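Residues per chain are reported as follows:
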Amino acid sequence: MSSLTTVLIAGAGLGGLMMAILLDRAGIDYIVFEKSEHLRALGSATNLGCNILPLFAQLGLQDELYKISKPSSTVNVYNETMDRIGHINYEEYISTCGYVSRTMARPDLHALLLAQVPASKIQLGKKIQEISQDASKVTITCSDGLSFHGNLLIGSDGAYSKVRQSLFRQLDKQHLLPKADAENLTACHMSVLGITRPVDPERYPVVLEPGTRYESVIGTNKPNTWRYFTIPGNRICWRIDHHLAADAISSSSSSALNNSNKSNNDNNDNNAPPQPSTSSTNALSTRVSQDPHAKISSCATTISPSSSSITVATTSTDTTATATTTAAHAADANLLEWGTESSDAIPDDWCKFPCPIGGTMGDLIGQTPREVVSKVVLEEKLYQTWYHGRVVLIGDACHKMLPNSGRGAVNAMLDAVVLTNALYEKVALSATLENVQVAFKEYYDERYPHAVAEIERSKRMARVVAGQTWFDTLARKVFFTLLPKRFQDNSYAAMLTYRPQLSFLPLVPERGSVPALPQRKTTRTRERYYDVQVI
């Protein structure tokens, strides 16, 4: 099918690549712009559940996905003395939806999606600096001075989206930006993570289990939690989280609960940095030092949604300082969405954290290649503005979620499904501004309520498997011991019913006892599906 519409996609992450794959299936021309000179996916484990697995089956990618993943259905939560304090078993819900969640290395999933997109459709080293638009087209200008035009632009370039920054600056000048969208994005958590080389099964027999072993440990009197996941190839994904909010209200001091510092990360107060934890002399942070081997110290950060200005409030055992940097120094501050971090910079006491499968987290870190150890800033924010004119946002660019159960990746891909359906029906053959706006609104109206619900689920899950405050401890106890099972069943079942697919291709048959929510029906979709059946 020849396309009358050209879509510009900013970002070649999981959401951007899935968007490209789906547009190709819809017969809509596209080109992907990626800021990196070389595509290299970082990260640790990610999980794909029943919300998105039907799409992989519909695309014919299910077998390939299963090759790089393991089924996952249970979660164990421990305290630091290795007493199990919680257990989640999702196996009983398999009959409800018909799918078993899959866990894999994030770089492996990225490689699978990348293999579906022709290299000629991806422009590397294209750092978007500015966007402009009129009634007939949208234009992006890159740092190399080159400009590109299209009928619409999809910002899939992450939490620090350049597309969003440029769009929000323009809306702010026109007094069209909601007040909530102008508020800074505050980083409350930061993580160091990686993937080991193939490990010795005699030392770690859990890697031979057919399913993923996912276990989390909540530190005692320290603002840290840590976890691991087993994946194919006898490898182990691991992650150590540093909770900046908990750092400010360390459980080692009961008086801290009444200290005003506990709200530092809630009110975006950049002038009141969090207090250092008494149990960790070098907590995770952004680092202003250009020394790649510098030790990591604690911090809180706020990032403006409409500019590249980043405020970093750092604390260590002997100094407290606040620094503001601009885009030119962002790399020095190491505030990239995913950044490599030398294992030498991981605090020594973190390496001593005990691991449920024996030994310490340092043992796993020691078996991880330096180049795959990375650091990521973790935030949560739901923007109200997802589109304007010919520009639309998906994924972390419009709803940043904590990476619990792969929610960020899954919701970016769900965005791509719903947006592609709307573009196929409304825009593919006639990309007038009116048609573009109708498609964007259709996408927003379906996805925004689900994003709201997912943010809340993400917060609840974070409290259960990693929360550090007294309220998190209470929430965990309620969830594991006091909450009626009927309530858990109803909550989970409601999430399982949302399983969108491409509406212009034959749908994958239902599995399980609870049907998916109905797909949106459109005239053009019905006509094409009818033609396919007749042929």
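Residues numbered from 1 in each chain as written. Predicted model: local features only at pLDDT ≥ 70, side-chain atom pairs only at ≥ 80, totals over all residues. Heavy atoms only, no water.

The name that an unreviewed UniProt entry assigns to the protein chain is FAD-binding domain-containing protein, with the source organism given as Linnemannia gamsii. UniProt lists a comment for the protein chain under the heading Sequence similarities (unreviewed entry), and it reads "Belongs to the paxM FAD-dependent monooxygenase family." (UniProt positions renumbered as here; feature names shortened; annotations may be inferred.)

**Student:** Got a minute to help me understand the side chain of Asn-421 in this structure?
**Tutor:** Its place among the elements puts Asn-421 in helix H11 (residues 407–426). Asn-421 sits in the buried class, given a relative accessible area of 12%. At a separation of 3.1 Å, a polar atom in the side chain of Asn-421 contacts the main-chain carbonyl oxygen of Gln-501. Beyond its immediate stretch of four places on either side in the chain, Asn-421 contacts Gln-501, Leu-502, Ser-503, Phe-504 and Gln-519. (Helix = DSSP H or I, 4+ residues; strand = E, 2+ residues; numbered from the N terminus. Buried < 20%, exposed > 50% of the residue type's maximum accessible area, 1.4 Å probe, protein only. Polar contact = N/O pair within 3.5 Å; in protein donor to acceptor, adjacent residues only side chain to side chain. Contact = heavy atoms within 4.5 Å.)

**Student:** Got a minute to help me understand unusual backbone geometry in this structure?
**Tutor:** A positive phi angle, close to 70°, is found at Met-82, a residue other than glycine. By the secondary structure assignment, Met-82 is in the loop between strand E5 (74–79) and strand E6 (84–89). Even without a glycine there, the phi angle at Asn-234 is positive, about 55°. Position of Asn-234 among the secondary structure elements: in the loop between strand E15 (224–231) and strand E16 (235–243). Taking the relative accessible area as the measure of exposure, Asn-234 reaches 24% and is therefore partly exposed.

**Student:** Mind showing me how you'd approach the nonpolar core here?
**Tutor:** Looking at soluble globular proteins, one finds that nonpolar side chains tend to be buried together. Ranked by internal contacts, the top residues of the largest apolar core, which has 95 residues, are Leu-48, Phe-56, Leu-109 and Leu-423. Here this core gets 11 residues from one element, more than from any other, and that element is H11. Beyond its immediate sequence surroundings of up to four residues, Phe-56 is in contact with Met-18, Leu-48, Leu-61, Gln-62, Leu-65, Leu-109, Leu-112, Leu-113 and Met-413. In terms of nonpolar packing, the next biggest core, distinct from the first, is built from 21 residues, Val-207, Tyr-228, Ile-365 and Val-373 among them. (Core = buried A, V, L, I, M, F, W, Y, C linked by side-chain atoms within 4.5 Å.)

**Student:** Just to check I follow, could you spell out a nonpolar patch on the surface for this structure?
**Tutor:** Together, Phe-471, Leu-474 and Val-478 line one region of the surface with nonpolar side chains, adding up to about 240 Å² of accessible area. Relative accessible area serves as the criterion here: at 31%, Val-478 is assigned to the partly exposed category. (Patch = residues over 30% accessible without salt bridge, like charges linked within 9 Å, V, L, I, M, F, W, Y side chains within 5 Å. Areas by Shrake-Rupley, 256 points an atom, 1.4 Å probe, with all protein chains shown as cover. Salt bridge = Lys/Arg side-chain N within 4 Å of Asp/Glu carboxyl O.)

**Student:** Even after reading the chapter, I still don't get helix H5 (residues 106–114), so can you show me in this structure?
**Tutor:** For an α-helix the count is 3.6 residues per turn, leaving residues at separations of three or four pointing the same way. Listing the buried residues of H5 in full gives Arg-106, Leu-109, His-110, Leu-112 and Leu-113. Down the axis of H5, the smallest arc covering the buried residues is 160°, so these residues share one side. (Arc of directions from axis to C-beta.)

**Student:** I would appreciate a short explanation of the environment of Leu-48 in the present structure.
**Tutor:** Its location among the elements puts Leu-48 in strand E3 (residues 45–48). Overall, the relative accessible area of 0% leaves Leu-48 in the buried class. Placed 61 residues apart in sequence, Leu-48 and Leu-109 show a C-alpha to C-alpha distance of 9.9 Å. Excluding anything up to four places from it in sequence, Leu-48 contacts Leu-53, Phe-56, Leu-65, Ser-101, Arg-102, Met-104, Leu-109, Val-410 and Met-413.

**Student:** What is the right way to look at the packing of aromatic side chains in this model?
**Tutor:** To describe a pair of aromatic rings, you give the distance between the ring centres and the angle between the ring planes. This model, assessed by the stated rule, comprises 11 aromatic pairs. Summarising the aromatic geometry, the rings of Trp-226 and Phe-353 are spaced 4.0 Å apart at their centres and angled 15° between planes, so their arrangement reads as stacked. Of this pair, Trp-226 sits in strand E15 while Phe-353 sits in the loop between helix H9 (348–351) and helix H10 (361–366), placing them 127 residues apart in sequence. Each member of the pair, Trp-226 as well as Phe-353, is classed as buried. On the basis of an interplanar angle of 90° and a centroid distance of 5.4 Å, the ring pair of Trp-386 and Tyr-444 is categorised as edge-to-face. Of this pair, Trp-386 sits in the loop between strand E22 (381–382) and strand E23 (387–388) while Tyr-444 sits in helix H12 (residues 433–466), and the two are 58 residues apart along the sequence. The aromatic ring of Tyr-66 is capped on one face by Arg-102, whose charged end is 4.0 Å from the ring centroid. (Phe/Tyr/Trp six-rings, centres within 6.5 Å; stacked < 30°, edge-to-face > 60°. Lys NZ or Arg CZ within 6 Å of the ring centre and 35° of its normal.)

**Student:** In this structure, what is going on with the packing of helix H1 (residues 14–25) against H11? I would like to understand it.
**Tutor:** Helix-helix packing is described using two parameters, namely the angle between the two axes and the distance between the axes. At a minimum axis separation of 9 Å, H1 and H11 run at an interaxial angle of 30°. One element, H1, and the other, H11, form an angle in the roughly parallel class. In terms of crossing hand, the pair formed by H1 and H11 is right-handed. From H1, Leu-14, Gly-15, Met-18, Met-19, Leu-22 and Leu-23 reach across to H11, where they touch Ala-409, Ala-412, Met-413, Ala-416, Val-417, Leu-419, Thr-420 and Leu-423. For the contact of H1 with H11, the residue count by class is 12 nonpolar, two polar and no charged. (Axes fitted to C-alpha atoms, helices over the stretch in contact; angles between N-to-C directions. Parallel < 35°, antiparallel > 145°, perpendicular 65-115°, else oblique. Left-handed = near helix turned anticlockwise from the far one by under 90°. Nonpolar A, V, L, I, M, F, W, Y, C, P; charged D, E, K, R; others polar.)

**Student:** Would you mind showing me how to read the pairing of E16 here?
**Tutor:** Regular strands have side chains that alternate between both faces of the sheet. Counted residue by residue, E16 has nine buried out of nine residues, so it is predominantly covered. Burial of the side chains of E16 extends over both faces: Arg-235, Cys-237, Arg-239, Asp-241 and His-243 are buried on one face and Ile-236, Trp-238, Ile-240 and His-242 on the other. Note that strand E13 (residues 185–195) and E16 share seven bridges and pair antiparallel. Residue pairing in the sheet places Val-192 in a bridge with Ile-240 of E16. Across eight bridges, the pairing between E15 and E16 is antiparallel. Looking at the pairing, Tyr-228 lines up with Trp-238 of E16. Here E15 hands over to E16 after three residues, with Gly-233 in that stretch at a positive phi of 85°. (Pairing = 2+ DSSP bridges.)

**Student:** Explain the pairing of strand E7 (residues 102–105) to me, please; I cannot follow it from the model alone.
**Tutor:** Of the strand pairs in this sheet, E3 and E7 are connected by four bridges, and their pairing is antiparallel. Residue pairing in the sheet places Asn-47 in a bridge with Thr-103 of E7. Bridge count between strand E4 (residues 69–71) and E7: three bridges; the pairing is antiparallel. When the bridges of E7 are listed, Pro-71 appears paired with Arg-102.

**Student:** Just checking my understanding: could you explain the environment of Ser-458 for this structure?
**Tutor:** Note on placement: Ser-458 falls in helix H12. When its relative accessible area of 0% is taken as the criterion, Ser-458 is described as buried. Taking the C-alpha atoms as reference points, Ser-458 and Glu-380, 78 residues apart in sequence, are found 9.0 Å from one another.

**Student:** What is the right way to look at the sheet that holds E23 in this model?
**Tutor:** In any sheet, the strands associate via hydrogen bonds between backbone groups, in a parallel or an antiparallel arrangement. Across the sheet, six strands lie side by side as E8-E2-E1-E12-E24-E23; this open sheet has mixed pairing. Of all the strands in the sheet, the pair left with one neighbour each is strand E8 (122–124) and E23. For strand E2 (residues 29–34) and E8, the ladder comprises three bridges, and the chain directions are parallel. Looking at the pairing, Glu-34 lines up with Leu-124 of E8. Against the sheet, H1 engages strand E1 (6–10), E2, E8 and strand E12 (152–155), with an angle of about 165° to E1.

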